[in-house]
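# Observations on the model geometry
So the chains spell out like this:
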Amino acid sequence: MEADFGTHLLRSEGLWIMTSYINHSCVPNVNRSFIGDFQIVRATRDMAEDTELKWSYLAPMYCNFEGIGRELARWHINCDCAICTENRSLSEPTKKQRIKFLSDLTAAIADPKIVDCERVE
Ligand SMILES: [Zn+2]
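Here is a short report on the structure shown in this document.

Quick notes on the rules
- Residues numbered from 1 in each chain as written.
- Predicted model: local features only at pLDDT ≥ 70, side-chain atom pairs only at ≥ 80, totals over all residues.
- Helix = DSSP H or I, 4+ residues; strand = E, 2+ residues; numbered from the N terminus.
- Buried ≥ 20, exposed ≤ 12 C-beta atoms within 10 Å, placed from the backbone.
- Pairing = 2+ DSSP bridges.
- Expected span 1.5 Å × (residues − 1).

### Topic: the overall build of the chain
In terms of helices and strands, the chain carries three helices and six strands. Sequence-ordered secondary structure for the chain, helices as α and strands as β, is β-β-β-β-β-β-α-α-α. Sorting the 121 residues of the chain into buried and exposed places 4% on the buried side.

### So, the pairing of strand E5 (residues 38-43)
Little of E5 sits inside the fold, with zero of its six residues counted as buried. Bridge count between strand E4 (residues 30-35) and E5: six bridges; the pairing is antiparallel. Looking across to E5, one finds that Phe34 is bridged to Gln39. Hairpin connection, E4 to E5: the antiparallel pair is bridged by two residues, and Gly36 has positive phi, about 60°.

### Re the environment of Leu58
You can see Leu58 is positioned in the loop between strand E6 (54-55) and helix H1 (65-74). Residue Leu58 is classed as partly exposed on the basis of its C-beta count, with 19 C-beta atoms lying within 10 Å.

### Here's the deal with unusual backbone geometry
One non-glycine residue, Asp50, lies in positive phi territory at about 75°. Looking at the element boundaries, Asp50 is found in the loop between E5 and E6. Look at Asp50 and you get exposed, because 5 C-beta atoms sit within 10 Å. Of note, His76 is a non-glycine position whose phi angle comes to about 55°, a positive value. Relative to the elements of secondary structure, His76 occurs in the loop between H1 and helix H2 (82-89).

### Digging into helix H3 (residues 92-110)
For an α-helix the count is 3.6 residues per turn, leaving residues at separations of three or four pointing the same way. Between its first and last C-alpha atoms H3 spans 27 Å; for 19 residues at 1.5 Å apiece the expected length is 27 Å, and the two agree. Of all 19 residues that make up H3, zero are buried, and the element is exposed over most of its length.

The structure is reproduced here in C-alpha cells:
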C-alpha cells in the first residue's frame, strides 16, 4: 500500500493473514490504517458480539453509483450491502437518471462558479 500526501510518500508492505479474511462491504463496519508494517483495524461503529467485520475493497474514487458495480463485478464480488441491493433492483431509466444526477452534482461541485458558499463563522 502506498499513498502520496504531497511531499511525504507513505508506504506499507506486508502480508496480514488475519485481516485477509475480512470481506467487502460498501458500507464497512471497520477501517484500517498502517504505521509502518503494523496494520490497525478499528470499528467504525458499535457492533454486537460476533458481527462479521467488513471493510471496503474499493478506493474512494470508485464509491459512486457506476463505479461500485463495475469494480465489484471485476473482482466477482456479490456485495449484499443496502447500496448494492438497491442498485440491483433499479430499472434502467432510474439508473440512467441517477447517473445523470451524479454527473451533474460532480460537475457542480468541481465548478467554483456554481458552488459559491460563503464561509460561516
Ligand atoms: Zn455493496
